[in-house]
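The lines below spell out each chain.
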Amino acid sequence: MREALYNIYLSRGPEPQCEALMTGYLYIFMAHLMKEAREAMPNVGSSSSQYVLAAIKYIQFNYSHDISVDDIAKRRRQRSHLYRVFMSNVGQSPIDYLTSYRISEACSLLKNSSLSIAEIAVSVGFFDQFYFSRVFKKVKGVPPSKYLAALEKDPQLGLV
């Protein structure tokens, strides 16, 4: 999945074949993402669990956009109901899940791409690099620059 994302980045350019390559790698990336999402979801049948799974899927496919809990909740039910079922099924609030998912994706990009911290921030849904750095530090305990420096010293670190 990371390789497909990186190949999208490498394929950019003004020529028509670049656009075709990027589109192809995008489809490969989406196929991997769909497979990973399906494997990560437990096979449960209750309506609240199905609601949470739909919300998680929405987050996984839209985390790089400017989405809010209201966007996630309006898919089916009210915001307060989403919070309750998320807490009972996932153990954290929808916004905490969204934030941790974004930071996890940012860690993967820091480890496996040559994108700048600002580019990574935007690609995971943070449109203010400084806010991204604050949130990253709150979640990981170090700012993204120090996280990246630690990865550069020892790429085998299990920080992700």
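Data block above holds the structure.
Residues numbered from 1 in each chain as written. Predicted model: local features only at pLDDT ≥ 70, side-chain atom pairs only at ≥ 80, totals over all residues. Heavy atoms only, no water.

Engineer: Summarise the overall build of the chain; cite the residues concerned and give the values.
Structural biologist: Within the chain, the regular secondary structure consists of 9 helices and 0 strands. For the chain, the sequential pattern of α-helices and β-strands runs α-α-α-α-α-α-α-α-α. Out of the 160 residues belonging to the chain, those deemed buried represent 34%. Considering only intrachain contacts with a sequence separation of at least 6, the fraction spanning at least 24 residues in the chain is 54%. Just so you have it, the chain exposes about 9800 Å², and 53% of that area is on carbon and sulfur atoms. (Helix = DSSP H or I, 4+ residues; strand = E, 2+ residues; numbered from the N terminus. Buried < 20%, exposed > 50% of the residue type's maximum accessible area, 1.4 Å probe, protein only. Contact = heavy atoms within 4.5 Å. Areas by Shrake-Rupley, 256 points an atom, 1.4 Å probe, with all protein chains shown as cover.)

Engineer: Any details on a nonpolar patch on the surface? Residues and values, ideally.
Structural biologist: Residues Leu26, Tyr27, Met30, Met34 and Phe61 make up a contiguous nonpolar surface patch of about 490 Å² in total accessible area. Accessibility expressed as a relative area gives 35% for Phe61, which makes it partly exposed. (Patch = residues over 30% accessible without salt bridge, like charges linked within 9 Å, V, L, I, M, F, W, Y side chains within 5 Å. Salt bridge = Lys/Arg side-chain N within 4 Å of Asp/Glu carboxyl O.)

Engineer: Any chance you could break down the packing of aromatic side chains for me, citing the residues and the numbers?
Structural biologist: Taken as a whole, this structure holds 8 aromatic pairs when the rule is applied. Aromatic pair Tyr6 and Tyr9: ring centres 6.4 Å apart, planes at 25 degrees, arrangement stacked. Of this pair, Tyr6 and Tyr9 both sit in helix α1 (residues 2–10), separated by 3 residues, roughly a single helical turn. On the basis of relative accessibility, which here comes to 25%, the residue Tyr9 falls in the partly exposed class. With a centroid separation of 5.3 Å and an interplanar angle of 75 degrees, the aromatic rings of Phe136 and Tyr147 are classed as edge-to-face. Of the two residues, Phe136 sits in helix α8 (residues 129–140) while Tyr147 sits in helix α9 (residues 144–153), which places them 11 residues apart along the sequence. Taken together, Phe126, Tyr131, Phe132, Phe136 and Tyr147 form an aromatic cluster joined through their ring pairs. Cation over ring: Arg12 sits above Tyr9, and NZ or CZ is 4.1 Å from the ring centre. (Phe/Tyr/Trp six-rings, centres within 6.5 Å; stacked < 30°, edge-to-face > 60°. Lys NZ or Arg CZ within 6 Å of the ring centre and 35° of its normal.)

Engineer: Describe the packing of helix α6 (residues 94–112) against α9, listing the residues and the values that go with them.
Structural biologist: The geometry of α6 relative to α9 is characterised by a closest axis approach of 10 Å and an angle of 45 degrees between their N-to-C directions. In terms of orientation, α6 lies oblique with respect to α9. Both α6 and α9 take part in a crossing whose hand is right-handed. Residues Cys107, Leu110 and Lys111 of α6 form the contact with α9, whose participating residues are Pro144, Tyr147, Leu148 and Leu151. The class makeup of the residues in the contact of α6 with α9 is 6 nonpolar, no polar and 1 charged. (Axes fitted to C-alpha atoms, helices over the stretch in contact; angles between N-to-C directions. Parallel < 35°, antiparallel > 145°, perpendicular 65-115°, else oblique. Left-handed = near helix turned anticlockwise from the far one by under 90°. Nonpolar A, V, L, I, M, F, W, Y, C, P; charged D, E, K, R; others polar.)

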